[in-house]
Amino acid sequence: MRDPMSALTDAFTSFLFGKVETTRLPVRTSTGQAQAVYLPTAAPGLGDSGVIIGREVYSGKGYIYDPFQLYGQQLPAPHWLVLGESGNGKSALEKTYVLRQLRFRDRQVVVLDAQGEDGVGEWNLIAQQLGITPIRLDPIAANDDGIRLNPLDPAITTTGQLALLRTIIEVAMGHGLDERSGFALKVAHAYVVDTIQDRQPVLTDIVEQLRHPEPESALAMNVDIDDVRAWGLDVALVIDRLVDGDLRGMFDGPTTVGIDLDAPLIVFDLSHIDRNSIAMPILMAIVGVWLEHTWIRPDRKKRIFLVEEAWHIINSPFVAQLFQRLLKFGRRLGLSFVAVVHHLSDVVDGAAAREAAAILKMASTRTIYAQKADEARATGRVLGLPRWAVEIIPTLTPGIAVWDVNGNVQVVKHLITETERPLVYTDRAMTESSTPQQLPEDLLAAELEAEERALYIERQRGTGPGSATTVA
């Protein structure tokens, strides 16, 4: 009990100067109880410049991501890997990301669409909405004057043509070319390029030269002409598959006139190709090199190259080497490569484990949707994820993913507007029989702006969960 003199002193002080703060007695409590006193905190976001992805789950803050804005500051490379089992939201994320990126005037996107729905690729609805016709590579349609991409297109350098021819042959054969076969191919290609000037050289010309090499080719190496012919026989048989086999029509003629490489969105529809056949990696190799030499230019545009079923690329040593070079050039030319894969084990345990590891290392952004526990642990080991992230991956619900942006790991819920929903919905064939009504293009911009405005107001008032963005 306090003494009378102290009480009198406190009363007099309060009368003169107002009420003074009293001393609180210490309280004993547990850590679990005490933490309720403190406001919850969350890791910092990635800034407010870019496109909105959704909300960070634990803090509720808006989650903004753009590899071009982050490159050089928080990202050493602009490339992105998306992982997860089917049905968890990978396709919806890709499509909304592309739609929102295209609101910038200096963006351009190429998509290799390997998924099929209703007889067309998954990206067909989005292409239609933007007034774009997909480039449909179909061996049946190609025989009726369909789309063709010429590996010997003059737009590709002679060095690039020869590298592409070697890759096609090595993918089809399943092993590298030996020195003799490589020499026969090189001689045939050089002769075709030097002698055919009045038209585009085509694969038929290469096959013809491999079957009937010029005597000068043998003399140059001081070997018999029959030896040169024998060295090139297997190569000729492989290329003949593109000319007269199951892939004929798509690559055995001049490049189709009218392919618009200046369109904001270019979709290569590969949905009519058997995804489990050797044709798919061959197609991706040809398209990748053709784009490298005809599409990627030093014009200050920011380009996004999105590949679905990317294990076809990463799982083949020869195709992976081509794309590895493309990724290295991409940082200098403003290219962001987006690879979509179901399971990391599809690539790290494959024939191209070394090349796959190099490509994965270049992907500074990794987005992981729900996976089974054993797959999540394997993914965590390869990608170096923190233990808490590995533990929650099997529990994630559709639309929620772990984002690792160069070590900044957060759990993000992807937001889809009502205008985007009918465009990104990929289970239509199982649930309905008609195409949903397409809404006006400007509604997408309006809905995104409304979402951004709400986030901004919340942040300014201090009543809501977080940060906003400027998308357009």
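Residues numbered from 1 in each chain as written. Predicted model: local features only at pLDDT ≥ 70, side-chain atom pairs only at ≥ 80, totals over all residues. Heavy atoms only, no water.

**Student:** So what exactly am I meant to see when it comes to the confidence of the model for the protein here?
**Tutor:** As a general rule, the predicted coordinates of low-pLDDT regions are not to be interpreted in detail. When pLDDT is averaged along the protein, the result is 79; 80% of the residues meet or exceed 70. Counted against residues more than four places away or in other chains, residues 428-444, with its pLDDT under 50, gives 27 contacts. Below pLDDT 50 for its whole length, residues 456-472 participates in 42 contacts with residues either more than four positions away or in separate chains. (pLDDT = per-residue confidence, 0-100. Contact = heavy atoms within 4.5 Å.)

**Student:** Is there a simple way to think about the sheet that holds strand E8 (residues 265-269) in this case?
**Tutor:** Each strand in a sheet pairs with another by means of backbone hydrogen bonds, the pair being arranged parallel or else antiparallel. Ordered in space as E2-E1-E13-E12-E11-E3-E10-E9-E4-E8-E7, the 11 strands form an open sheet in which the pairing is mixed. A strand with exactly one partner marks an edge of an open sheet, and here the two such strands are strand E2 (62-65) and strand E7 (135-136). In this structure, strand E4 (residues 107-113) lies alongside E8, joined through 5 bridges in parallel fashion. In the strand pairing of E8, Leu-112 is matched with Phe-268. Packing against the sheet, helix H18 (residues 373-383) makes contact with strand E3 (79-83), strand E11 (363-368) and strand E12 (400-405), and its axis sits at approximately 165° to E11. (Pairing = 2+ DSSP bridges. Helix = DSSP H or I, 4+ residues; strand = E, 2+ residues; numbered from the N terminus. Axes fitted to C-alpha atoms, helices over the stretch in contact; angles between N-to-C directions.)

**Student:** Before we go on, may I ask you to explain empty space enclosed by the protein in this structure?
**Tutor:** Empty space left among the atoms is revealed by rolling a probe the size of a water molecule over them. Counting across every chain of the model gives 3 cavities of 30 Å³ or more. Looking at the largest cavity, its volume works out to about 50 Å³. For the lining of the largest cavity, the elements supplying multiple residues, two or more each, are helix H8 (179-195) and helix H9 (203-211). At 3 residues, the largest contribution of residues to the lining of the largest cavity is made by H8. Of the residues in the lining of the largest cavity, the class split is 6 nonpolar, 2 polar and 1 charged. If you add up the space inside the second largest cavity, you get close to 40 Å³. If you trace the second largest cavity, you find it lined by His-79, Trp-80, Leu-81, Leu-327, Phe-337, Ala-339, Ile-359, Leu-360 and Ala-363. Only E3, strand E10 (335-341) and helix H17 (353-362) provide two or more residues apiece to the lining of the second largest cavity. Here the lining of the second largest cavity gets 3 residues from one element, more than from any other, and that element is E3. (1 Å grid on protein atoms, 1.4 Å probe; cavity = no way out; pocket = protein on both sides within 12 Å on 5 of 7 lines; lining within 4 Å. Points joined across faces, edges and corners; volume = space filled by probe spheres on them. Nonpolar A, V, L, I, M, F, W, Y, C, P; charged D, E, K, R; others polar.)

**Student:** In this structure, what is going on with the pattern of salt bridges? I would like to understand it.
**Tutor:** Inspection of the entire model under this criterion finds 14 salt bridges. For Lys-95, the salt bridge identified is with Glu-122, shortest N-O distance 3.1 Å. A residue pair is termed long-range when its members are at least 10 positions apart, and Lys-95 in helix H4 (residues 90-101) and Glu-122 in the loop between strand E6 (120-121) and helix H5 (124-129) qualify at 27 residues. Take Lys-95 and Glu-122: they sit in the same class, and that class is buried. For Arg-148, the salt bridge identified is with Asp-252, shortest N-O distance 3.7 Å. Of this pair, Arg-148 sits in the loop between helix H6 (139-142) and helix H7 (158-173) while Asp-252 sits in the loop between helix H12 (233-244) and E8; the two residues are 104 residues apart in sequence, bridging distant segments of the chain. Both residues of the pair, Arg-148 and Asp-252, belong to the buried class. A network of salt bridges, in which partner residues are shared, links Asp-66, Asp-106 and Arg-107. (Salt bridge = Lys/Arg side-chain N within 4 Å of Asp/Glu carboxyl O. Buried < 20%, exposed > 50% of the residue type's maximum accessible area, 1.4 Å probe, protein only.)

**Student:** Whenever I open this one, the pairing of E3 confuses me. Can you help?
**Tutor:** Within a regular strand, the side chains alternate between the two sheet faces. Most of E3 sits out of view: 5 of its 5 residues are buried. Along E3, one buried face is formed by His-79, Leu-81 and Leu-83 and the opposite face, lined by Trp-80 and Val-82, is buried too. Sheet analysis places E3 next to E11, joined by 5 bridges and oriented parallel. Its bridge partner lying in E11, Leu-83 is registered against Ile-368. In terms of strand pairing, E3 meets E10 through 4 bridges, oriented parallel. Across the sheet, Val-82 pairs through a bridge with Val-340, a residue of E10.

**Student:** Is there a simple way to explain the packing of H7 against H8 in this structure?
**Tutor:** Put simply, H7 and H8 touch, their axes get as near as 11 Å, and they point 140° apart. Between H7 and H8, the crossing angle belongs to the class labelled oblique. With respect to the hand of their crossing, H7 and H8 are arranged in right-handed fashion. Contacts between H7 and H8 involve Thr-158, Gln-161, Leu-162, Leu-165, Arg-166 and Ile-169 from the first element and Gly-182, Leu-185, Lys-186, His-189 and Val-193 from the second. (Parallel < 35°, antiparallel > 145°, perpendicular 65-115°, else oblique. Left-handed = near helix turned anticlockwise from the far one by under 90°.)

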